[in-house]
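Coordinates in review
The lines below spell out each chain.
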Amino acid sequence: MKRTGLLNRRPGYYSAKVGGNLLLLAAGWVTFALIGRSWWQLLIAAFLAVMFTQTAFIGHDAGHHQISGSKRVNNLLGRLHGNLLIGLSYGWWISKHNRHHAHPNQVDRDPDIAGGAIAFTEDHARARGRPGAWLVRHQAWLFFPMLLLEGLNLHVAGVRALLARTGASRTVRLAETGLLTAHIGGYLTALFWVLSPAQAVCFFLIQQGLFGLYMGCSFAPNHKGMPILAKDDKIDYLSRQVLTARNIRGARLTDFALGGLNYQIEHHLFPSMPRPNLRRAQTLVRAFCAQHGVPYHETGLLHSYAQVLRHLHEVGGPLRPELEY
């Protein structure tokens, strides 16, 4: 990878990417202001949901130090794109995401499969009370509708982490809190200043709902439904990162739509590799895995969702009536 230069930064790509994304995001808000009090604003809500997710992808790249060789620059870009532009706590997400990368799909170590609304292991399913058990029994059917709440969940989790005052220094917490407050205040003021109360509420629900759905549909195919490791499993780095990840086949449009997350295996092996280099790295990684007998999983996007839903259905199986199971 070093000899081919695939680990080198891509300042030209990211300058164009960040600049173009900011222009489109600004264009969305300018159009919002120009249209004024109208139900046509619901189309702008859908557009901004897409742009919020694309902005989150840039924050993700910054969090992995893919954009700049300077940690300070990456963190600044991450906080501006996360806290200020879309209202997600960058510091909270970095802490959570780093633990995921260190132990993907490992029970009690990967926060992405920890107990929550969705149960990803049968042990988590059996530990549910009656309301939670009903949810787990039907979670495969409810998965995509529940993603409509994922945007709100991310906002709330970030705010709770900042209020807990743990982890980051006081200066960083104040900076993140200020940026997050500016986003929330500006976002809600814009909605209720320009729109009628009913339009503002509908705009909020559609924009945040589609934002959560898009985010969830981008991240879910990466690991859900892939092998889950027990807490005490000992496994080498290559196998741990490759066996628990799933790549998504596709062309440039897929790369754009999924923010490069469709090369999940390469991303987990080389998390600081710039996004545009992952496509070229795939050829080398796939050949290396074949040479060493390490299974390399790649599938189409729709098939990946089918695998995710099948896994969720199987996890809820022990809680369903015997005849249904």
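My aim in this report is to walk through the structure given alongside it, one point at a time.

The rules behind the values
- Residues numbered from 1 in each chain as written.
- Predicted model: local features only at pLDDT ≥ 70, side-chain atom pairs only at ≥ 80, totals over all residues.
- Heavy atoms only, no water.
- Helix = DSSP H or I, 4+ residues; strand = E, 2+ residues; numbered from the N terminus.
- Phe/Tyr/Trp six-rings, centres within 6.5 Å; stacked < 30°, edge-to-face > 60°.
- Buried < 20%, exposed > 50% of the residue type's maximum accessible area, 1.4 Å probe, protein only.
- Lys NZ or Arg CZ within 6 Å of the ring centre and 35° of its normal.
- Contact = heavy atoms within 4.5 Å.
- Axes fitted to C-alpha atoms, helices over the stretch in contact; angles between N-to-C directions.
- Left-handed = near helix turned anticlockwise from the far one by under 90°.
- Nonpolar A, V, L, I, M, F, W, Y, C, P; charged D, E, K, R; others polar.
- Patch = residues over 30% accessible without salt bridge, like charges linked within 9 Å, V, L, I, M, F, W, Y side chains within 5 Å.
- Areas by Shrake-Rupley, 256 points an atom, 1.4 Å probe, with all protein chains shown as cover.
- Salt bridge = Lys/Arg side-chain N within 4 Å of Asp/Glu carboxyl O.

As a further point, take unusual backbone geometry. Notably, Asn 105 is not glycine yet its phi reads approximately 55°, a positive angle. Its place among the elements puts Asn 105 in the loop between helix H4 (90-102) and helix H5 (122-126). Phi is positive for Asp 108, close to 65°, though the residue is something other than glycine. Mapped onto the elements, Asp 108 comes out in the loop between H4 and H5.

Further remarks concern the packing of aromatic side chains. Within the structure shown, the criterion is met by 10 aromatic pairs. Taken together, a centroid distance of 5.0 Å and an interplanar angle of 85° make the contact between Tyr 13 and Tyr 14 edge-to-face. With 6.4 Å between their ring centres and 55° between their planes, Phe 52 and Tyr 187 make a pair best called tilted. In this pair, Phe 52 is assigned in helix H2 (residues 41-63) and Tyr 187 in helix H9 (residues 170-194), connecting sequence segments 135 residues apart. Overall, the relative accessible area of 6% leaves Tyr 187 in the buried class. Positioned above the aromatic ring of Phe 120 is the side chain of Lys 224, whose terminal nitrogen or guanidinium carbon lies 5.2 Å from the ring centre.

Attention shifts here to the environment of Phe 219. Considering the arrangement of structural elements, one finds Phe 219 in helix H10 (residues 197-223). With 37 residues separating them in the primary sequence, Phe 219 and Phe 256 have C-alpha atoms 14 Å apart. When neighbours within four sequence positions are excluded, Phe 219 is seen to be in contact with Phe 57 and Leu 261.

This part covers the environment of Asn 222. Assignment of secondary structure puts Asn 222 in helix H10. A sequence separation of 181 residues divides Asn 222 from Gln 41, and the C-alpha atoms of the two residues are 33 Å apart. Apart from the residues lying within four places of it in its own chain, the contact partners of Asn 222 are Thr 244, Ala 245, Arg 246, Leu 261 and Gln 264.

Following both chains from N to C, one finds H2 and H10 inclined at 35°, their axes separated by 8 Å at the closest point. Crossing of H2 over H10 shows right-handed handedness. Split into classes, the residues belonging to the contact of H2 with H10 amount to 18 nonpolar, 6 polar and no charged.

Quick look at the side chain of Asn 75 now. As for its position among the elements, Asn 75 is in helix H3 (residues 71-86). Dropping the residues within four chain positions of it, Asn 75 is found in contact with His 65 and Tyr 90.

Once that is clear, we can look at a nonpolar patch on the surface. Taken together, Val 159, Leu 163, Ile 184, Leu 188, Phe 192, Val 201 and Leu 205 make up a surface patch of nonpolar side chains, about 620 Å² in accessible area. Elements with a contribution of two residues or more to the nonpolar patch: helix H8 (150-164), H9 and H10. Residue contributions to the nonpolar patch peak at 3 residues, all from H9. If you trace the backbone, Val 201 turns up in helix H10. Owing to a relative accessible area of 43%, Val 201 belongs among the partly exposed residues under this scheme.

Spatial relationships are all this shows, so hold off on functional conclusions.
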